[in-house]
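Chain residues, written in single-letter form:
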Amino acid sequence: MASSLTKDSVHPGTPGTEKTFFGHPRGLATLFMTEMWERFSYYGMRALLPLYLVAPSGLHLSAGTATAIYSVYLSLVYLLALPGGWVADRLLGPRKTVAVAGLIIMLGHLCLALPAAASFFVGLVLVAIGSGLLKANISTMVGHLYDGPKDARRDGGFTLFYIGINLGAFVAPLVIGTIGENVNWHFGFALAALGMALGLAQYLLGGRHLSEQSKVVPTPMTAQEKATTLRKGLIWLAIAAVFYGIVGFTGHFTLNWALIPLTVIGLIVPILVIGRILRDKDLDGEERSKVRAYVWFFVAAAVFWMIYDQGGSTLSLFAEANAKNTIFGWNFPVSWYQSVNPVMIMALAPVFAWLWLWLNRSGKEPSTIVKFSSGLVLVGASFFVFLAPLSIAQDGHKAAAMWLVGIYFLQTVGELTLSPVGLSVTTKMAPKKYASQMMGVWFLAVTAGDSITALLSNPAVGGVNLDKMGFVMLEAVLAVLAGVAVWMYRGKVNKLMGDVR
């Protein structure tokens, strides 16, 4: 992307102000390009993942197992954002952590590119670890570029940064998906590795433009703390190795059973984290009340992400088998559906930003609770629409591609209604003691939602066919009821929220 680099004397002393990136610190260009290439690698691989898992030329797994693997992978990415933030805060600082993350992600994609099942799953684990490390810290580094929260350029800088995210997410399925599906699966994964390599190179070369604050380890560990942490980590690693070793040697090891501990962790950790915050005696009554109100938003968000993230698994696998993947008679790869959401985000986000501002000026902007409820109703409506192509497929016909585009459209509008509001309310309702950690708690809602999907679809436990009409209708009704419940109890939730609106 072409950069707008001009002389800047308005904000002397701000990192990288000799030149600017569209009026912002030059370091934003470094982080913009790093994140764009990382998202290119992540979303490109993600678009291929469920298709490769079920393909006869891939791992040839069942749809249920593929959905479980995909969902566990997504849940781990968001779960690992918590320890990712901890690594930066206690050990390396954000700048070194992001560099390590980029290297791990690149190695992970290279493992995916090798034509062996064992290396493939090692690659998935590495990409999840690297993504968790990077996700927790690169946004923090964007904030470091500005002179505190009151810097007038700050919001615009984050807007540019998120354009980089969606630009990478949009292009990735078109490039990586096409190569992976039409040429060779492993060439596609190798392209993802190349994308991350370009992002890492950009990051290392442009590091001089970043804030010195990004090098700082905020609360470094003492030597004793490091030794204790290492010992605990090795103990848990040994327990896991013994457990899986016993299961393997007794002949009971299967891929589906191996996924269950990871799925359970994704369900238990969010409960433990929120419970620990609620029990913290350092919180005053008002802070504890806000956290109790936040639980409503958290549970509702978990329901939302449970359905939303099936856009890359259930919907993608349905499209592979039962959709006419054509536009004006021209066939396109199934992975291209994953470009619909980011291009709609880029098109609609400015519209929503303008709409909320316009409604606010006239005193008619919906409350946080109404926006949240609307997001849940919209994602539920998307699965009601999904019933139409499912019905067409039951009659032995192929569903038109526009049915799927319509589903992704409703989900995108729901995301724009719920996700930014969720991020905002998380920062507003966070107790002072947990101001930084609460963003990780918000990500845990995604972990919980995807873990539920993984548990339901895993043949070893639930084995539910998530693309069957009865279950799709059940999920649609659940989301709509959750949205209505949040709206009906808005008085109680508002009271718990205190002065937050």
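- As recorded in an unreviewed UniProt entry, the protein chain goes by MFS transporter and comes from Streptomyces graminearus.
- Heading Sequence similarities (unreviewed entry) of the UniProt record for the protein chain holds this comment: "Belongs to the major facilitator superfamily. Proton-dependent oligopeptide transporter (POT/PTR) (TC 2.A.17) family."

1. Thoughts on the overall build of the protein chain
Now for step 1: Within the protein chain, the secondary structure is distributed over 17 helices and six strands.
Now for step 2: Against the 2.2 N^0.38 benchmark of 23 Å for 501 residues, the protein chain shows a C-alpha radius of gyration of 23 Å, consistent with a compact globule.
Now for step 3: If you take every contact in the protein chain between residues at least 6 apart in sequence, the share linking residues at least 24 apart comes to 78%.
Now for step 4: Accessible surface computed for the protein chain: about 22,400 Å², of which carbon and sulfur atoms make up 68%.
Now for step 5: Within the protein chain, the 25 negative side-chain charges are centred at a point lying 4 Å from the centre of the 36 positive side-chain charges.

2. Describing unusual backbone geometry
Now for step 1: Of note in this structure, H60 is not a glycine but carries a positive phi near 55°.
Now for step 2: Checked against the element boundaries, H60 lands in the loop between helix 1 (27–54) and helix 2 (63–79).
Now for step 3: Positive phi, normally seen in glycine, also occurs at F328, with a value near 50°.
Now for step 4: Looking at where F328 falls in the secondary structure, it is placed in the loop between strand 4 (326–327) and strand 5 (330–331).

3. Side note on the layout of surface pockets
To find the voids left in a structure, one rolls a probe of water-molecule size over its atoms.
Now for step 1: In this structure, the second largest pocket encloses a volume near 240 Å³.
Now for step 2: Surrounding the second largest pocket, 15 residues form its lining, A63, G64, T67, L317 and D467 being those nearest its centre.
Now for step 3: Elements represented by at least two residues in the lining of the second largest pocket include exactly helix 2 and helix 11 (314–322).
Now for step 4: Here the element with the most residues in the lining of the second largest pocket is helix 11; it accounts for four residues.
Now for step 5: A breakdown of the residues in the lining of the second largest pocket according to their chemical character gives six nonpolar, six polar and three charged.

4. Observations concerning the environment of L74
Now for step 1: Along the chain, the position of L74 falls in helix 2.
Now for step 2: Given a relative accessible area of 0%, L74 falls into the buried group.
Now for step 3: Considering only alpha carbons, one finds L74 and G449, 375 residues apart in sequence, at a separation of 9.8 Å.
Now for step 4: Excluding residues within four positions of it along the chain, L74 makes contact with Y42, R46, D309 and D450.

5. A few points about the pattern of salt bridges
Now for step 1: Summed over all chains, the structure comprises five salt bridges.
Now for step 2: In this structure, R39 engages E38 in a salt bridge whose closest nitrogen and oxygen atoms are separated by 2.6 Å. Across the pair, exposure class does not vary: R39 and E38 are buried alike.
Now for step 3: Of the charged contacts, one joins E225 and R90 as a salt bridge, the two residues approaching to 2.9 Å between their closest N and O atoms. Note that E225 is positioned in helix 8 (residues 223–249) and R90 in helix 3 (residues 81–92), a separation of 135 residues in sequence.

6. Re the packing of helix 13 (residues 368–394) against helix 16 (residues 469–488)
Now for step 1: At their nearest, the axes of helix 13 and helix 16 sit 8 Å apart, and the two run at 165° to each other. Relative to helix 16, the element helix 13 lies roughly antiparallel. Handedness of the crossing formed by helix 13 with helix 16: left-handed.

7. Thoughts on the side chain of R46
Now for step 1: Here R46 lies in helix 1.
Now for step 2: Discounting residues that sit within four places of it in the chain, R46 has contacts with Y70 and L74.

8. Things to note about the nonpolar core
In a soluble, globular protein the nonpolar side chains are often hidden away together inside.
Now for step 1: In this structure, M45, Y73, F189, Y337 and L404 are the most contacted members of the largest nonpolar core, which totals 92 residues.
Now for step 2: In terms of residue count, the dominant contributor to this core is helix 10 (residues 285–308) (13 residues).
Now for step 3: Residues in contact with M45, not counting those within four places in the same chain, are Y73, H109, L112, L124, V127, I176, F189 and A192.
Now for step 4: Among the nonpolar cores identified, the runner-up in size contains 27 residues, and V87, V98, A101 and L160 belong to it.

9. Notes on the packing of helix 10 against helix 13
Any two packed helices are characterised by how steeply their axes cross, that is the angle between the axes, and by the distance between the axes.
Now for step 1: Look at helix 10 against helix 13: their axes get within 10 Å of each other, and the N-to-C directions meet at 25°. What the angle tells us is that helix 10 and helix 13 run roughly parallel. For the element pair helix 10 and helix 13, the recorded crossing hand is left-handed. The segment helix 10 lies against helix 13, with F297, A300, A301, V303, F304, I307 and Y308 engaging T368, I369, F372, G375, L376, V379 and F383.
Now for step 2: The residue makeup of the contact of helix 10 with helix 13, split by class, is twelve nonpolar, two polar and no charged.

10. Describing the side chain of N256
Now for step 1: Mapped onto the elements of the fold, N256 is located in helix 9 (residues 255–279).
Now for step 2: A relative accessible area of 16% means that N256 is categorised as buried.
Now for step 3: A distance of 3.0 Å separates a polar atom in the side chain of N256 from a polar atom in the side chain of T65.
Now for step 4: Once residues within four sequence positions are removed from consideration, N256 is found in contact with T65, N458, P459 and A460.

11. With respect to the environment of F304
Now for step 1: Within the secondary structure, F304 sits in helix 10.
Now for step 2: As a C-alpha pair, F304 and A240 span 64 residues in sequence and 32 Å in three-dimensional space.
Now for step 3: Apart from the residues lying within four places of it in its own chain, the contact partners of F304 are G375, L376, V379, Q411, G414, E415 and L418.

12. Some remarks on helix 11
Now for step 1: Listed as buried for helix 11 are T314, L315, S316, L317, F318 and A319.
Now for step 2: Packed against the buried residues of helix 11 are helix 1, helix 2, strand 3 (323–324), helix 13, strand 6 (399–400) and helix 14 (401–429).

Conventions adopted
Residues numbered from 1 in each chain as written. Predicted model: local features only at pLDDT ≥ 70, side-chain atom pairs only at ≥ 80, totals over all residues. Heavy atoms only, no water. UniProt positions renumbered as here; feature names shortened; annotations may be inferred. Helix = DSSP H or I, 4+ residues; strand = E, 2+ residues; numbered from the N terminus. Rg over C-alpha atoms; globule rule 2.2 N^0.38 Å. Contact = heavy atoms within 4.5 Å. Areas by Shrake-Rupley, 256 points an atom, 1.4 Å probe, with all protein chains shown as cover. Lys, Arg positive; Asp, Glu negative; His and termini not counted. Charge placed at Lys NZ, Arg CZ, Asp CG, Glu CD. 1 Å grid on protein atoms, 1.4 Å probe; cavity = no way out; pocket = protein on both sides within 12 Å on 5 of 7 lines; lining within 4 Å. Points joined across faces, edges and corners; volume = space filled by probe spheres on them. Nonpolar A, V, L, I, M, F, W, Y, C, P; charged D, E, K, R; others polar. Buried < 20%, exposed > 50% of the residue type's maximum accessible area, 1.4 Å probe, protein only. Salt bridge = Lys/Arg side-chain N within 4 Å of Asp/Glu carboxyl O. Axes fitted to C-alpha atoms, helices over the stretch in contact; angles between N-to-C directions. Parallel < 35°, antiparallel > 145°, perpendicular 65-115°, else oblique. Left-handed = near helix turned anticlockwise from the far one by under 90°. Core = buried A, V, L, I, M, F, W, Y, C linked by side-chain atoms within 4.5 Å. Polar contact = N/O pair within 3.5 Å; in protein donor to acceptor, adjacent residues only side chain to side chain.

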